[in-house]
Amino acid sequence: MEKGIETFLEEAIKNLAKRKGKISLPSLKRKIAQRYGIPCPSNIKLLKSYHRLIKERKIKEAPALERLLRTRPIRSLSGIVNVSVLTKPYPCPGQCIYCPFQKGMPKSYLRGEPAAERAKRLNFNPYWQTKKRLEALRSQGHPTDKIELRIVGGTWSYYPKQYQSWFVKECFRAANNSREVKKRGLEAVQKRNEGAKQRIVGLSVETRPDFINSKEVKQLRKLGATLVELGVQSIYDDILNLIKRGHGIKEIILATKLLKDAGFKILYQMMPNLPGANLERDEEMFEQLFQNPDLRPDYLKIYPCALLKEAPLYRYYLEKKYKPYSKEQLITLLQKIKQKIPPYVRIQRIGRDIPSSYIPEGGAMVSNLRQVVQDKMKREKSACFCIRCREVKENYSPKEKLYLYRYNYQSANGKEIFLSIENKKRTRLFSFLRLRIPSFCFKNGGAIFRVLENSAIIREVQTMGQSIPIGKTYSAPQHKGLGEKLIKEAENIAQKEFRLKKIAAISGVGARNYWRKLGFRLKDTYMVRCLGSN
């Protein structure tokens, strides 16, 4: 069988060269399988043999073949790979009526959800969760040198600080892929990751708005966090009271300001179809998210309220005090929401991975809600302008003419400038940058971090398309200098328009060397560059 696989790979590479990257992979598989009397090999097996033969110098690298063999290519088409790890089951301070509880699982997570199942099998160990997920991604053909680590599993800020530091350290240790002594501290393991082959370039956690204060912001930076997912759910105080959320809009606004002024990217988890809501009010809520300058998140996860027997809300349903939206109602609502999203926002997810067997009624039973909504919009020729819907992904042509766009908006008492590189019609997004002039540059009140005083903050810079290994230059937008051009433009804006003396970037640990090459230096967890005299 090994001989057959080797022949297959050799013929595939020759065919790709002859036909300029266009071959029928299934027919070539069948042809080789018949010739050698072997079963059709899986893509994962072929990829494993491909990498082994390259190491043995029997074949040359063929990026086009790697792309063909890669399974679920969407996983690395936003420039990075996502790795989700779950914390152990732990008490939650909230009493939310929609939230399910299942013994042996973190609050709000259920058996059967893919990430939850992986975590449970590994006893919620962060090292093994990270290591096994990276191994799986590599076996599917995805580069794993740029990792967005997502820590989920309840209210992160409520876990003991010692557990938090250990959990994050173990994730970094797994990414470093070395037999490091477990006793090494978090800072030492992070330092090693700066030059590792698998670098954690972004780290996100889930928490509640009412747990965000100056002390918590400092802790998050110490851990290396760059994005915070806030469980907002609703912006209406009467609904937040009805669902026993335990906080109001005031806490949401304060958390948004503190986090943005420290450079964090902010994701709001929103939940339409809560008790007390209706279709009109939910539509208005998403309009208010972006009309109200105290809010305006960078990312959204839209989790329509799922009716679950494991949650107190089910009792309301039995007493006819709550009724979920139908499939048709929910899809129409989501379509209206997507049509109103501004260009600086990315909708990360629509719907949870909760198995439909848990949900007795309602539109949340649809497991592929995003796809259903997108198909409907395509049929009706309507469009969503969010980042995810416009990312260039794999349809990249170096000959395409690109343009620099700028979008200004107020948020959380500061000024936001969203810079992007797109095609002329603005239907294809290649790279973007989020620049913030924080609130303390305009009003009295000090920065949480002294290093950010009199400084603009780059909260994010990202180039879209297929994730390319560091040092490689395949036909994709990455490593073409687009991000560097945006950073230069951000520096000019900070210096010339706002007369600021420096610019800081909230950098993931694994991205620090990128910033060093551009003249930035590490100061109090931020990468900082002086802008000279004005």
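The structure contained in this document is the topic of the report that follows.

Conventions adopted
Starting afresh in each chain, residues are numbered from 1 along the sequence in its written order. Reporting in this predicted model follows two pLDDT cut-offs: at least 70 for local features of residues, and 80 or more for side-chain atom pairs to be given and counted; totals over whole chains, interfaces and linings ignore these cut-offs and use all residues. The side-chain values count all of the structure's non-hydrogen atoms but skip hydrogen atoms and water molecules. For this analysis, a ring pair means two rings from Phe, Tyr or Trp (six-membered ring only for Trp) whose centres lie within 6.5 Å, classed as stacked if their planes differ by under 30 degrees, edge-to-face if by over 60, and tilted for the remaining angles. Secondary structure is summarised from DSSP: a helix means a run of H or I of at least four residues, a strand means a run of E of at least two, and numbering begins at the N terminus for each. Think of it in three bands: residues with accessible area under 20% of the maximum for their type are buried, residues over 50% are exposed, and the middle band is partly exposed, with areas taken using a 1.4 Å probe on protein chains only. Two thresholds decide whether a charge sits over a ring: the Lys NZ or Arg CZ must be within 6 Å of the ring centre and within 35 degrees of the ring normal. By this definition, two strands are paired if DSSP reports at least two bridges between them. All axes here are fitted lines through C-alpha atoms, helices being fitted over the stretch that makes contact, and every angle between N-to-C directions spans 0 to 180 degrees. In what follows, residue pairs with any heavy atoms lying within 4.5 Å of each other are defined as contacts.

**Side note on the packing of aromatic side chains**
So, step 1. With the rule as written, the count across this model stands at 18 aromatic pairs.
So, step 2. An angle of 10 degrees between the planes, with centres 3.9 Å apart, marks the rings of Tyr344 and Tyr409 as stacked. Placement of Tyr344 in the loop between helix H14 (327-338) and strand S7 (346-350) and of Tyr409 in strand S8 (residues 403-411) is noted, with a sequence separation of 65 residues between them. The pair Tyr344 / Tyr409 is uniform in exposure class, with both members buried.
So, step 3. Between Tyr514 and Trp515, the aromatic rings sit 5.6 Å apart at their centres with planes inclined by 85 degrees, giving edge-to-face as the arrangement.
So, step 4. Accessibility expressed as a relative area gives 35% for Tyr514, which makes it partly exposed.
So, step 5. Following the ring pairs from residue to residue traces out a cluster consisting of Tyr90, Trp156, Tyr158, Tyr159, Tyr163, Trp166, Phe167 and Phe211.
So, step 6. Of note, Arg390 hangs over the ring of Phe385, and the distance from its end group to the ring centre comes to 4.0 Å.

**Section: the sheet that holds S7**
So, step 1. On the basis of which strands lie adjacent, the open sheet formed by seven strands has the order S1-S2-S3-S4-S5-S6-S7 and parallel pairing. Edge strands, defined here as strands with exactly one partner in the open sheet, are strand S1 (81-86) and S7. When the angles between neighbouring strand axes are averaged without regard to direction, this sheet yields 20 degrees.
So, step 2. Here S1 runs beside strand S2 (residues 146-152); their pairing, made up of six bridges, is parallel. Looking at S2, one finds that Leu86 is bridged to Val152.
So, step 3. Most of the contacts of helix H7 (residues 161-176) go to strand S3 (residues 199-207), to which it runs at about 150 degrees, and overall it touches S1, S2 and S3.

**A word on the environment of Gly508**
So, step 1. Inspection of the secondary structure puts Gly508 in the loop between strand S12 (502-505) and helix H18 (512-517).
So, step 2. Its relative accessible area of 3% is what places Gly508 among the buried residues.
So, step 3. Expressed as a C-alpha distance, the spacing of Gly508 and Leu227, which sit 281 residues apart in the sequence, is 9.6 Å.
So, step 4. Apart from residues lying up to four places away in sequence, Gly508 is in contact with Ile200, Val201, Gly202 and Thr226.

So far we have only geometry, and geometry alone does not tell us how the molecule works.
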